[in-house]
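Understanding the architecture of this molecule
Below are the chains, spelled out letter by letter.
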Amino acid sequence: MTNPPLYDVRRIQDLKDMLEQSCKLFGDRNAFLLKVQDDQYKGVTYRQFKAEVDALGTIFLKLGLKDQFIAVISENRYEWCLTYFSTVNGTGTIVPLDKELPLPEIENLLARSSASAVVFSGKFHNELKKLHASLPSLQYLINMDIEEETDGVLSFKQLLQEGKKLLDSGDTSFIDAPIDAEAMRILLFTSGTTELAKGVMLSHKNLCSDIMDVCRVLYLDCNDSSLSILPLHHTYGCTTDLLVILYNGCSVSFNEGLKHIAKNLKETKPTLLFLVPLILESMYKKIWDQAKKKPGQKTKLKIAMAVSDFLLNVLKIDIRRKLFKQIHENIGGRVRLIVSGAAGINPEVSKGFHSMGLRVIQGYGLT
């Protein structure tokens, strides 16, 4: 017997339908907060994001990429998200690749997927140029970071501008492209249990089903925000930190790397965190390591947790955020929900965070 849903959800047929609905509902709200110079952030609204998805998708079709495989390889960033939606929402099939893979494996996966184009961040420029000749199916190299076409490598920024011009001239080929919700539109490579990476075929229907099911049991709304830490090429990171976020009208910003997590949390002040146990267990250990440095601090922390549990469980009085204010401030001060997935978390860690006023939920799923 399954548990009844806790929350009503709006129906979505596919990711194109989802983005169109979110644009109508949350058009002027920020979908993304992007770091610019001097640690300042600028917002990209839902309306702006959809317009750029349409522009990039239109130029993809102009390049002859209809029904082709398009690989994307970079750190978590706005251009990754644009590439993803511009591919699946009317162009072809997206192939997200792990930026940490050795070059021979990147070459292998580009060959196995018969990718016609690869969109990448600047640091992959020279390596992918070297691979190009050995990959007969690969027509286009698209660099996210160059201003203009260089040595046969296309500029992402230039393509976006050309796509906008095509839209302005009345080209609706991408906007009008029909979506088959059951066709493969995402090809993921997962390490699995053997040496050869397995190709996992996903459709719009698979992902939309996941999005709606998550939102039936977790409450999120347009006042929520997330710091994207997990790699977007994983289904868990992509579904939670991108798709579920955009479905609910939330905003997302991007972590600059594991050593910048603490800094980015304080800068962006998210309300949601989607993590793996390793990161959460490391955060929890750090709290106790800090407490051990000062005489009597570890005992004080234990007593504070016992007091907060007693007040909450017996007297229904919640003073956890006040009692553990410093811990909350260290992660931005606004986190209300943490979802841990990809593996089982140590129960001591999730219970400990609960005593400190941080709700940790165990997620489970399969790519």
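One can find the structure itself at the top, above this paragraph.
Rules behind the numbers
Residues numbered from 1 in each chain as written. Predicted model: local features only at pLDDT ≥ 70, side-chain atom pairs only at ≥ 80, totals over all residues. Heavy atoms only, no water. Helix = DSSP H or I, 4+ residues; strand = E, 2+ residues; numbered from the N terminus. Rg over C-alpha atoms; globule rule 2.2 N^0.38 Å. Buried < 20%, exposed > 50% of the residue type's maximum accessible area, 1.4 Å probe, protein only. Pairing = 2+ DSSP bridges. Core = buried A, V, L, I, M, F, W, Y, C linked by side-chain atoms within 4.5 Å. Contact = heavy atoms within 4.5 Å. Patch = residues over 30% accessible without salt bridge, like charges linked within 9 Å, V, L, I, M, F, W, Y side chains within 5 Å. Areas by Shrake-Rupley, 256 points an atom, 1.4 Å probe, with all protein chains shown as cover. Salt bridge = Lys/Arg side-chain N within 4 Å of Asp/Glu carboxyl O. Axes fitted to C-alpha atoms, helices over the stretch in contact; angles between N-to-C directions. Parallel < 35°, antiparallel > 145°, perpendicular 65-115°, else oblique. Nonpolar A, V, L, I, M, F, W, Y, C, P; charged D, E, K, R; others polar. Expected span 1.5 Å × (residues − 1). Arc of directions from axis to C-beta. Left-handed = near helix turned anticlockwise from the far one by under 90°.

**Thoughts on the overall build of the protein**
Scanning the protein from terminus to terminus reveals 14 helices and 14 strands. Relative to the 2.2 N^0.38 estimate, which gives 21 Å for 367 residues, the radius of gyration of the protein is 22 Å and therefore close to what a compact globule would have. In terms of its C-alpha atoms, the protein occupies a principal-axis envelope of roughly 65 × 45 × 40 Å. Residues classed as buried in the protein amount to 51% of the 367 residues present.

**Observations concerning the pairing of strand β2 (residues 41-45)**
As paired strands, strand β1 (residues 30-35) and β2 are joined by 5 bridges and run antiparallel to one another. Bridge pairing in β2 links Phe 32 to Val 44. Linking β1 to β2, which pair antiparallel, is a turn of 5 residues; within it Asp 38 sits at a positive phi near 60 degrees.

**What to know about the nonpolar core**
The biggest cluster of nonpolar side chains holds 66 residues, and the ones touching the most others in it are Leu 15, Phe 32, Phe 49, Tyr 84, Phe 85 and Leu 242. The dominant element in this core, judged by the number of residues it contributes, is helix α2 (residues 46-62), at 8 residues. Excluding residues that lie within four positions of it along the chain, Tyr 84 makes contacts with Leu 15, Ile 94, Ile 186, Leu 207, Cys 238 and Leu 243. Listed in part, the 28 residues of the second largest apolar core include Trp 288, Leu 301, Phe 324 and Ile 327.

**Digging into a nonpolar patch on the surface**
Together, Leu 6, Tyr 7, Val 217 and Tyr 219 make up an exposed nonpolar region whose accessible area comes to about 390 Å². Among the structural elements, Tyr 7 can be located in the segment before α1 (15-26).

**Some points on the packing of helix α10 (residues 277-293) against helix α11 (residues 297-313)**
The contact between α10 and α11 brings their axes to 7 Å, and the two run at 130 degrees. It follows that α10 is oblique to α11 by the angle criterion. Taking contact as the criterion, the partners of Tyr 284, Ile 287, Trp 288, Ala 291 and Lys 292 in α10 are, on α11, Gln 297, Lys 298, Leu 301, Lys 302 and Met 305. Across the contact of α10 with α11, the residue classes break down as 6 nonpolar, 1 polar and 3 charged.

**Structural notes on helix α6 (residues 156-168)**
Across its 13 residues, α6 extends 19 Å between first and last C-alpha, which sits within 8% of the 18 Å expected from 1.5 Å per residue. For α6, every residue scored as buried is listed here: Phe 156, Leu 159, Leu 160, Gly 163 and Leu 166. The buried residues of α6 occupy an angular sector of 120 degrees when projected down its axis, which confines them to one face. Across from the buried face of α6, at angles greater than 90 degrees, the exposed residues are Lys 165 and Asp 168.

**Details of helix α3 (residues 78-88)**
Within an α-helix, residues lying three or four positions from one another point in the same direction, as the helix has 3.6 residues per turn. When you tally the buried positions in α3, you get 11 out of 11 residues, the bulk of the element. Among all positions of α3, only Tyr 78, Glu 79, Trp 80, Cys 81, Leu 82, Thr 83, Tyr 84, Phe 85, Ser 86, Thr 87 and Val 88 are buried. Gly 90 occupies a position one or two residues after α3 and carries a positive phi of about 145 degrees.

**Digging into the packing of helix α4 (residues 103-112) against helix α5 (residues 125-132)**
Remark: α4 packs on α5, axes separated minimally by 11 Å, with the N-to-C direction vectors making an angle of 50 degrees. By the angle between their axes, α4 is oblique relative to α5. Where α4 crosses over α5, the handedness of that crossing is right-handed. From α4, Leu 103, Ile 106, Glu 107 and Leu 110 reach across to α5, where they touch Glu 127, Leu 128 and Leu 131. The residue makeup of the contact of α4 with α5, split by class, is 5 nonpolar, no polar and 2 charged.

**A short note on the pattern of salt bridges**
Summed over the entire model, instances satisfying the criterion amount to 17 salt bridges. In this structure, the salt-bridge partner of Asp 67 is Arg 185, at a minimum N-O distance of 3.3 Å. Separated by 118 residues along the polypeptide, Asp 67 in the loop between α2 and β3 (69-73) and Arg 185 in strand β8 (residues 184-190) bring together distant segments of the chain. With a relative accessible area of 46%, Asp 67 lands in the partly exposed category. For Glu 182, the salt bridge goes to Lys 205, with nearest N and O atoms at 3.3 Å. One end of the pair, Glu 182, is in the loop between α6 and β8; the other, Lys 205, is in helix α7 (residues 204-217), and 23 residues separate them in sequence. Using a relative accessible area of 59% as the deciding quantity, one classes Glu 182 as exposed.

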